[in-house]
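# Analysis of the macromolecular model
So you can see what is in the structure, the chains are spelled out below.
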Amino acid sequence: MDFIRALGLMYRSRFFEEKLQEEFSLGNLYGTTHLSIGQEASHVGLALALDQGDWIVPTHRCHGFNIAYGSDMAAMFSEMLGSRHGLCKGLGGSMHMTDVEHYNLGSSAVVGSGVPIAGGVAFALKRQKSRNISVAIFGDGASSRGSVHEMMNLASVWNLPLLFYMENNHYGMSAPTERVISTSSIHSRAEGYSMAHRKVDGNDILSVYGAVKEARKYIEEEGKPYFLEVDTYRLCGHSKSDKLLYRTREEEEEWRKKDPIHAFSRYLVGNCLLAEEKIEEIRAEAEKDVLDAWRRAWETKDEILSLEEASSLVTPENVNIEFSPGKENHQGTYREAVREAIAEIFEDDERATLMGEDIGAYGGCFGVTGELYKTWGDRMLETPVSEEAFSGMATGASMLGERPMVEIMYADFMTLASDAVINHGAKTYFMSGGQLKCPMVVRTAMGGGTGHGAQHTACPEAMFLNVPGLKVCAPSSPWTAKALLKAAVKEECPVVFFEHKALYGNKGEIGDSSAILPIGKALVEEKGDKLLVIGYSRGYCEALQALSGYEATFLDLCSLKPLDEEAIKKWARKIGKVLIVENVPLQSSVAESIIRIIMEEGIKAEIRVVSALDMPLAFSRKLEYEALPNRERILKEADSLIGEKL
């Protein structure tokens, strides 16, 4: 270990955070921050023991890790000031200091949810045959999260090069660990996942450094994950507003005696490794560097991104995908169309994988994956029942350039995957200031009409329409299912791909390998100009079937975010009578968005909506039928619009 560098980094971390405290007290900083004063040995010991190219995924208490791993302190201060010169252009703040140049994937403000992201990084490194490892950094509070345990199991099952680095500072936020954790030894939980583990004194930088070196060597040589518990203590509060009412001053004083910087300094002097004068020189230089960094950041604090610039970082620039009808169609089912798309995606891009439950020999819950595993076994990754873990893994892997697809068995279970999709996948490009992209696709089976009951029939697409950074698809036919999925995997942002389970057996035309449908493009079927029918997924199919004898134009949206607004405006203006059919309740739905588009454009149109009733779907066939858009309701609204049946 380079003692001078180690001590200098520890001092820089301490002075940086003390400067933050000071500037917050003066009212010069906005928002909040989470400091780690007293934990410097944990940060620096880890950073110095890792190899060049090893990735870290810190927690919201990230400053010390950033400094130890090489981040520029002026850029960190600028980030705290919301400046365009910040690590993330002022868009991330204290809790999201991504620094890709220094192999720092950025921290997560959602406790424990960065662990599956780090697992995805480890997965990507393994696929890319890298000798580097990934480090999942989390605290004792996060050690009780289900996502952490799911990832521990999955990392052990898949033998991922992942270091679980758990800082135990004895308080989750205010609750002491002994009151909320059932074991006296957190690291021993790793035994349940057949994982090597140990505990180390986190205030002794030499012990931390040695333990990380040992753990890293084990991961590289054995090809298995490792769990390291680092025992430390924060001498400050949980956040800047914490008044520390939950612990005694006596306890704090006992830990202050174990201050890692003082302890390391005494060790260096006592063992004649550095003189007192050199220690003081290192301290003074570190303090000067911090103050200089603050001065430089303060001088440019008013240089903020414009709203237009910030808006451009919500999603990466759109991929230029041209619509292609293909050269030749063939007949097949919706299920077969999706399967063909997956096979062709695998053929076209070696970075593509599919993760999900029962997608191997079982063929997928709805038979979509079939026998793909026989040809693509190394790319078809069957998972435990751990939606949080494998959706988070896919998100993390996509950040390192992989092209993962995820299969969530039922759309109802998207609530389990929503943290990875919404808090990470959708927001990372923005929060990182454009440093990271998340090109991933989450496929899931939605909808009723199948007698599965309330917890297996949700159409939760509206839940994702209000999330900036996502794209959402819901194809209605075999042709659109294949052509749209092939476009989705080319996107640079997350795409949620809803497949209605009642459509899997529907037969129709399927395009060849050259057919592709860009996200955001609707398809039109002209059969007359007395009525415009707009829908997607099963709602569109129901309307098309019910109104087959009508002189109507049918607009299949295919994509829900973004909507093809130009097509909606064009046909609503031309026809003037609009019937919207969807399988979700009306409030906050796609139909409401369509109505807004038409009204804002000033188009004079009569509009009716046939939507699902505002109730969970019953098991009863009769009640389920009545709650969903059905032939009778569609015909009634169509006739009321045109005045007579055609």
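To start, this report covers the structure provided alongside it. On a predicted model such as this, the values are computed, not experimentally measured, just so you know.

## A few points about the overall build of the chain
- Check the secondary structure of the chain and you find 24 helices and 19 strands.
- In summary, the chain has a C-alpha radius of gyration of 28 Å against a globular reference of 26 Å for 646 residues, a match within 12%.
- Buried residues in the chain amount to 59% of all 646 residues.
- Nonlocal contacts in the chain, meaning residues at least 24 apart in sequence, comprise 78% of its contacts between residues at least 6 apart.
- Working note: accessible area of the chain is about 25,600 Å², and carbon and sulfur atoms make up 49% of it.
- Each charge sign in the chain was given a centre, from 70 positive and 93 negative side chains, and these centres are 2 Å apart.

## Overview of the packing of aromatic side chains
- Evaluated as defined, the whole model comprises 20 aromatic pairs.
- Through a chain of ring-to-ring contacts, the aromatic side chains of Tyr-334, Phe-366, Tyr-410, Phe-413 and Tyr-504 assemble into a single cluster.
- When the ring centre of Trp-255 is taken as reference, the NZ or CZ atom of Lys-258 above it lies at 4.3 Å.
- Over the ring of Phe-323 we find Lys-521, and its NZ or CZ is 5.5 Å from the ring centre.

## Concerning the layout of surface pockets
- Empty space within the largest pocket amounts to approximately 470 Å³.
- As for the largest pocket, its lining consists of 20 residues, and the residues nearest its centre are Ser-477, Trp-479, Thr-480, Glu-525 and Asp-556.
- Elements with a contribution of two residues or more to the lining of the largest pocket: α19 (478-488), β13 (507-510), β14 (523-526), α20 (537-546) and β16 (552-556).
- Among the residues forming the lining of the largest pocket, the class breakdown is 10 nonpolar, six polar and four charged.
- Computed from the structure, the second largest pocket encloses a volume of approximately 350 Å³.
- In this structure, the second largest pocket is lined by 18 residues; those nearest its centre are Ala-458, Cys-459, Val-584, Pro-585 and Met-615.

## Thoughts on the nonpolar core
- Counting 84 residues, the largest nonpolar core has Met-151, Phe-164 and Leu-557 as the members making the most contacts within it.
- Take this core: its biggest share by element is eight residues, from helix α5 (residues 114-127).
- When sequence neighbours within four positions are dropped, the list of residues in contact with Leu-557 reads Lys-521, Ala-522, Ile-534, Gly-535, Tyr-536, Leu-563, Ile-568, Val-590 and Ile-594.
- Membership of the second largest hydrophobic core comes to 67 residues, among which are Leu-20, Leu-35, Ile-261 and Ile-282.

## Some points on the packing of helix α1 (residues 3-25) against helix α4 (residues 73-80)
- The interhelical angle for the contact between α1 and α4, taken along N-to-C directions, is 25 degrees, at an axis separation of 12 Å. Comparing the axis directions of α1 and α4 gives the class roughly parallel. Where α1 crosses over α4, the two elements pack in a sense that is right-handed. Where α1 approaches α4, its residues Arg-12, Phe-16, Lys-19, Leu-20 and Phe-24 are matched on the opposing element by Met-73, Met-76, Phe-77 and Met-80.
- A class-by-class count of the residues in the contact of α1 with α4 yields seven nonpolar, no polar and two charged.

## As for the side chain of Asn-104
- Residue placement: Asn-104 occurs in the loop between α4 and α5.
- A polar atom in the side chain of Asn-104 sits 3.4 Å from the side chain of Asn-66.
- If we ignore the near neighbours within four places in the chain, the residues touching Asn-104 are Trp-55, Ile-56, Pro-58, Asn-66, Met-97, Thr-98 and Asp-99.

## Side note on helix α15 (residues 387-399)
- Between its first and last C-alpha, α15 extends 19 Å over 13 residues, near the 18 Å set by a 1.5 Å rise per residue.
- Among the 13 residues of α15, 12 are classified as buried, and the element is accordingly described as predominantly covered.
- Listed as buried for α15 are Glu-387, Ala-389, Phe-390, Ser-391, Gly-392, Met-393, Ala-394, Thr-395, Gly-396, Ala-397, Ser-398 and Met-399.
- In this structure, the buried side of α15 is in contact with α5, α6 (146-158), β7 (352-356), β9 (403-408), α16 (414-425) and α17 (428-431).
- One or two residues past the end of α15 sits Gly-401, with phi positive at roughly 95 degrees.

## Regarding the environment of Gly-539
- Relative to the assigned elements, Gly-539 resides in helix α20.
- Accessibility expressed as a relative area gives 0% for Gly-539, which makes it buried.
- Along the sequence, Gly-539 and Gly-141 sit 398 residues apart, while their C-alpha atoms lie 45 Å from each other.
- Residues in contact with Gly-539, not counting those within four places in the same chain, are Val-581 and Asn-583.

## Describing the environment of Gly-363
- Along the chain, Gly-363 turns up in the loop between β7 and α14 (372-376).
- Since its relative accessible area comes to 4%, Gly-363 is described here as buried.
- A sequence separation of 173 residues divides Gly-363 from Ala-190, and the C-alpha atoms of the two residues are 32 Å apart.
- Residues within four places of Gly-363 in sequence aside, it is in contact with Asp-358, Val-368, Thr-369 and Gly-370.

## Details of empty space enclosed by the protein
- One pass over the full model with this rule turns up three cavities of 30 Å³ or more.
- Considering only enclosed or pocket space, the largest cavity measures out at about 60 Å³ in volume.
- Contributing to the lining of the largest cavity are Cys-365, Phe-366, Val-368, Glu-407, Ile-408, Met-409, Arg-443, Thr-444, Ala-445, Glu-499 and Tyr-504.
- Counting only elements with at least two residues in the lining of the largest cavity, the list comes to β9 and β10 (441-446).
- Looking at the lining of the largest cavity, the element that brings in the most residues is β10, giving three residues.
- Here the lining of the largest cavity is built from residues that sort into seven nonpolar, one polar and three charged.

## Some details on α5
- Here α5 contains 14 residues, and its C-alpha end-to-end distance of 20 Å stays within 8% of the 20 Å for a straight helix at 1.5 Å per residue.
- Counting buried positions over the 14 residues of α5 gives 12, a clear majority of the element.
- Buried within α5 we find Gly-114, Val-115, Pro-116, Ile-117, Ala-118, Gly-119, Gly-120, Val-121, Ala-122, Phe-123, Ala-124 and Leu-125.
- A positive backbone phi angle near 55 degrees is found at Lys-129, which sits one or two residues after α5.

Calculation criteria
- Numbering of residues starts from 1 in each chain and follows the order in which that chain's sequence is written.
- Where local features are concerned, this predicted model is filtered to residues with pLDDT of at least 70; where side-chain atom pairs are given and counted, the filter is 80 or more; whole-chain, interface and lining totals use all residues.
- Only hydrogens and water are removed before side-chain values are computed, so all heavy atoms of the structure are retained for them.
- The secondary structure listing takes helices from DSSP runs of H or I that are at least 4 residues long and strands from runs of E that are at least 2 residues long, numbered from the N terminus.
- Radius of gyration: over C-alpha atoms. The globule rule applied is 2.2 Å multiplied by the number of residues raised to the 0.38 power.
- Residue exposure (1.4 Å probe, protein chains only): buried if accessible area is under 20% of the type maximum, exposed if over 50%, otherwise partly exposed.
- We call two residues in contact whenever any of their non-hydrogen atoms come within 4.5 Å of each other.
- Values of accessible area rely on a 1.4 Å probe in the Shrake-Rupley scheme; residue burial ignores everything except the protein chains shown.
- Charged residues are defined narrowly, with Lys and Arg counted positive, Asp and Glu counted negative, and His plus the chain ends left uncounted.
- For charged residues, the charge sits on one atom: NZ in Lys, CZ in Arg, CG in Asp, CD in Glu.
- What counts as a ring pair is set by centres within 6.5 Å for rings of Phe, Tyr and Trp (its six-membered ring), and what kind of pair is set by the plane angle: stacked under 30 degrees, edge-to-face over 60, tilted for all other angles.
- Placement of a positive charge over a ring is assigned whenever Lys NZ or Arg CZ falls within 6 Å of the ring centre and within 35 degrees of the normal to the ring plane.
- Within this scheme a cavity is a closed region of a 1 Å grid, computed over the protein atoms alone, that accommodates a 1.4 Å probe without allowing it to escape, whereas a pocket is open but has protein on both sides within 12 Å along at least five of seven lines; lining residues each have an atom within 4 Å of a point.
- Grid points are joined across faces, edges and corners, and a volume is the space filled by probe spheres set on the points.
- For this classification, Asp, Glu, Lys and Arg are treated as charged, while Ala, Val, Leu, Ile, Met, Phe, Trp, Tyr, Cys and Pro are nonpolar and the rest, including Gly, are polar.
- Among buried residues, the Ala, Val, Leu, Ile, Met, Phe, Trp, Tyr and Cys ones that are joined through side-chain atoms within 4.5 Å form a nonpolar core.
- To get an axis, fit a line to the C-alpha atoms, keeping to the stretch in contact for a helix; angles then go from 0 to 180 degrees between the N-to-C directions.
- Here roughly perpendicular refers to angles of 65 to 115 degrees, roughly parallel to angles under 35, roughly antiparallel to angles over 145, and oblique to all remaining angles.
- The hand of a helix crossing depends on one turn: near helix anticlockwise from the far one by less than a right angle means left-handed, and clockwise means right-handed.
- Under this definition, polar contacts are N or O atom pairs within 3.5 Å; protein pairs additionally need one hydrogen-donor-capable and one acceptor-capable atom, and for neighbouring residues in sequence, both atoms have to be side-chain atoms.
- To estimate how far a helix should extend, the number of its residues minus one is multiplied by 1.5 Å.

Don't take any of this as a statement about function, it's just geometry.
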